[in-house]
Amino acid sequence: MATHLAAVSLANGEPFKVLTRPTPKPGPGELLIEVKSVALNPADGHMRDKGLFISAYPTVIGFDISGLVLEVGDNIPVGATDESPCPYFRPGITRVAAFAASFWRACDPDYGAFQERCLVPWQHALPLPEGVSWNQAATLPVAVEVPLSAWDIMGISRVGEATASSSVSAAPVVSDTSAGTQQNKKQKNEALLVWGASSSVGTMGVQSARLLREDHDSSFAAVYTTAGAANLKYIGSLGADRVFDYKDPHVVDAIISAAREDGLVIRHCFLATGQLAPCQAVLKAFIWDDQRKEDQKAKIGSAPVIPADAEEVNGVETLFVLPSMDEGQRLAQFQCWMGTWLRENLANGTIRPSPEPRVVGKGLGAINAGLDVLLRGVSCTKLVVEVAE
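Residues numbered from 1 in each chain as written. Predicted model: local features only at pLDDT ≥ 70, side-chain atom pairs only at ≥ 80, totals over all residues. Heavy atoms only, no water.

**Regarding the overall build of the chain**
Helix and strand counts for the chain come out as 10 helices and 15 strands. Scaling as 2.2 N^0.38, a compact globule of 389 residues should have a C-alpha radius of gyration of about 21 Å, and the chain matches this with 21 Å. Considering only C-alpha atoms, the chain reaches an extent of 70 × 50 × 35 Å along its principal axes. For the chain, the residues scored as buried account for 53% of the 389 residues in total. Of the contacts formed within the chain by residues at least 6 apart in sequence, a portion of 72% connects residues at least 24 apart. Entry remark: accessible area of the chain is about 16900 Å², with carbon and sulfur atoms responsible for 51%. Measuring between centres, the 33 positive side-chain charges of the chain sit 3 Å from its 43 negative side-chain charges. (Helix = DSSP H or I, 4+ residues; strand = E, 2+ residues; numbered from the N terminus. Rg over C-alpha atoms; globule rule 2.2 N^0.38 Å. Buried < 20%, exposed > 50% of the residue type's maximum accessible area, 1.4 Å probe, protein only. Contact = heavy atoms within 4.5 Å. Areas by Shrake-Rupley, 256 points an atom, 1.4 Å probe, with all protein chains shown as cover. Lys, Arg positive; Asp, Glu negative; His and termini not counted. Charge placed at Lys NZ, Arg CZ, Asp CG, Glu CD.)

**What about unusual backbone geometry?**
Between Y57 and P58 the backbone carries a cis peptide bond, its omega angle lying at -10 degrees. If you trace the backbone, P58 turns up in the loop between α1 (42-50) and β4 (64-72). Put simply, S354 and P355 share a cis peptide bond, and its omega is -10 degrees. Mapped onto the elements of the fold, P355 is located in the loop between α9 (327-347) and β14 (357-362). Here the phi dihedral of N75 falls at roughly 60 degrees; this positive angle occurs in a residue that is not glycine. Position of N75 relative to the elements: it lies in the loop between β4 and β5 (95-99). A relative accessible area of 66% means that N75 is categorised as exposed. Positive phi, normally seen in glycine, also occurs at C380, with a value near 55 degrees. Within the fold, C380 resides in the loop between α10 (367-376) and β15 (382-386).

**Things to note about the nonpolar core**
Membership of the largest hydrophobic core comes to 81 residues, with the highest contact counts inside it found for L31, I65, F114, W151, L342 and I367. In terms of residue count, the dominant contributor to this core is helix α3 (residues 140-153) (8 residues). Once residues lying within four places of it in the same chain are set aside, the contact partners of W151 are I156, L192, V194, G205, S208, A209, L212 and F270. (Core = buried A, V, L, I, M, F, W, Y, C linked by side-chain atoms within 4.5 Å.)

**Section: the sheet that holds strand β8 (residues 190-195)**
The strand order β10-β9-β8-β11-β12-β13 describes an open sheet built from 6 strands, whose pairing is parallel. In the strand order of this sheet, the two ends are held by β10 (242-245) and β13 (316-320), each with one partner. Within this sheet the neighbouring strands show an average axis-to-axis angle of 20 degrees, counted without direction. Sheet topology places strand β12 (residues 298-302) next to β13; 5 bridges connect them, and they run parallel. (Pairing = 2+ DSSP bridges. Axes fitted to C-alpha atoms, helices over the stretch in contact; angles between N-to-C directions.)

**A short note on helix α5 (residues 200-214)**
Each α-helix winds once per 3.6 residues, and so residues spaced three or four apart point in a common direction. If you check α5, its first and last C-alpha atoms are 22 Å apart, about what 15 residues at 1.5 Å a residue would give, namely 21 Å. Among the 15 residues in α5, 14 count as buried, and that is most of the element. (Expected span 1.5 Å × (residues − 1).)

**Focus: the pairing of β5**
Counting buried residues along β5, 4 of its 5 residues qualify, which places the element largely inside the surrounding structure. Taken together, the 5 bridges between β4 and β5 define a ladder with antiparallel strand orientation. Its bridge partner being in β5, L68 is matched across the sheet by R95. Across 3 bridges, β5 lies against strand β7 (residues 125-127) in antiparallel orientation. Note that in β7 the partner of A98 across the bridge is A125.

**Focus: the packing of α3 against α5**
As a packed pair, α3 and α5 sit with axes 8 Å apart at the nearest point and diverge in direction by 50 degrees. Classified by the angle their axes make, α3 and α5 are oblique. The handedness of the crossing between α3 and α5 comes out as right-handed. On α5, the residues that touch L140, V142, A143, V144, V146, P147, L148 and W151 of α3 are S200, V201, M204, G205, S208, A209 and L212. For the contact of α3 with α5, a count of residues per class yields 12 nonpolar, 3 polar and no charged. (Parallel < 35°, antiparallel > 145°, perpendicular 65-115°, else oblique. Left-handed = near helix turned anticlockwise from the far one by under 90°. Nonpolar A, V, L, I, M, F, W, Y, C, P; charged D, E, K, R; others polar.)

Here it is in structure tokens:
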């Protein structure tokens, strides 16, 4: 029987132990991946130290991987056709980034990222274009899935799917009177806010928000973000129109004033990391500014778990960002996010891997120390462990 090494979680609060595991065979709709790099996420540390989301031990956790397709199960697209826009996967050839699925497999260790071989549903995987390294690829899955899931859960139309009726605004943004082309563009009246933009999911939140802003039929005219002072320029380079220092004690007032100066309202916020209360305060200021019906709430998509004691703000709804728990719906979501949105935008250069990866070790034994570094706090970087050459 074939075997491989894995960083196994044996009990709540214990560090991972590198052990030998039997290598599984992929079932229908599954890929067996030879893991090359894994990226670390705060949720990984909370799962190790507090048992977050873990229903059974021993297990293998982790979400972000890059690697080589070794084997494919039945019903896998293995070749491109004119009729199929799906990505395709060839054993021994196709390089992928993938979002590990152990969370949806009752913590079955075969589906955790922190090991040399990992099973993933093909819809969770993205064939990589040339020029994307293993380490860059490992930074992509969670960073992309979370903000795209946030836009969906808040009811924001995907690029190209907005209806004309939803895109007509009550007031225009400042226009260039010297250019007649402005007359043919739909008026936009909303700024989309990304709070915590220098986190990994925040940087991709900025890039995906920029594409929403550029969509002719969306209601978004600008992308507003918050970040630490050292990262303001980088976040601007990803497409933010305004970047505010979240440590500024008057940051909420500054955001509200800027939006009113720009003639915009803010009714959608992606909370990538940070505190919920300032996001609520910003949206609360615009509840009655955009002449909407009283039953239409402003919305916050929160990547952090919503605290049980979080204050409820009248007119502002906070939604925890999580893919569907229905298997069919989730696979369709991931196929859209990974196999369509990410594949197309990476290929045409409209997004890039962000933030830059920082290698914190080689081999599965480095994951514990890497998570310790992550939980002490990092900014505008994604910690990566190189599992294999």
